[in-house]
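A closer look at the structure
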Amino acid sequence: MKTKPFSPWEQVELAAKLADLKEDHYRNVLTLSAMLELLVDKGLITREELNAKANELDSQLESFISASLHPMP
């Protein structure tokens, strides 16, 4: 099956959508970073607790992805 190439206008639209997504991602990361800094500044969590939780969640996600790619028979 052969797919038709994007027209120049479709390429411009796709680039604009990607730019919007990048801007949204930047704003979300900025907001999350500010919230985490405030929590640490107010003494509600420590950087060590934050890092430990991030590592725990990363490990759980890695296990989930691995299990879904290699399901047991």
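The paragraphs below set out a description of the structure included in this document. Everything numeric in this text was worked out from a predicted model, so none of it was measured.

Further remarks concern the overall build of the protein chain. Helices and strands together make up the secondary structure of the protein chain, namely 2 helices and 0 strands. Since a compact globule built from 73 residues should have a radius of gyration of about 11 Å, the 20 Å found for the protein chain marks it as more spread out than a globular shape. When its C-alpha atoms are laid out on the principal axes, the protein chain stretches across 55 × 45 × 10 Å. When burial is assessed residue by residue, the protein chain has 1% of its 73 residues classed as buried. Total accessible area on the protein chain is roughly 7100 Å²; 64% of this is exposed by carbon and sulfur atoms. For the protein chain, the separation between the mean place of its 8 positive charges and that of its 12 negative charges on side chains is 8 Å.

A few words on the pattern of salt bridges. On inspection of all chains with the given rule, the structure shows 3 salt bridges. Note that Lys 53 is salt-bridged to Glu 56, the shortest N-O span being 3.5 Å. Here Lys 53 pairs with Glu 56, and both are found in helix H2 (residues 47-69), just 3 residues apart, close to one helical turn. For Lys 53, a relative accessible area of 43% translates into the label partly exposed. Residue Glu 56 is classed as partly exposed on the basis of its relative accessible area of 37%.

What counts, and where the lines are drawn
Residues numbered from 1 in each chain as written. Predicted model: local features only at pLDDT ≥ 70, side-chain atom pairs only at ≥ 80, totals over all residues. Heavy atoms only, no water. Helix = DSSP H or I, 4+ residues; strand = E, 2+ residues; numbered from the N terminus. Rg over C-alpha atoms; globule rule 2.2 N^0.38 Å. Buried < 20%, exposed > 50% of the residue type's maximum accessible area, 1.4 Å probe, protein only. Areas by Shrake-Rupley, 256 points an atom, 1.4 Å probe, with all protein chains shown as cover. Lys, Arg positive; Asp, Glu negative; His and termini not counted. Charge placed at Lys NZ, Arg CZ, Asp CG, Glu CD. Salt bridge = Lys/Arg side-chain N within 4 Å of Asp/Glu carboxyl O.

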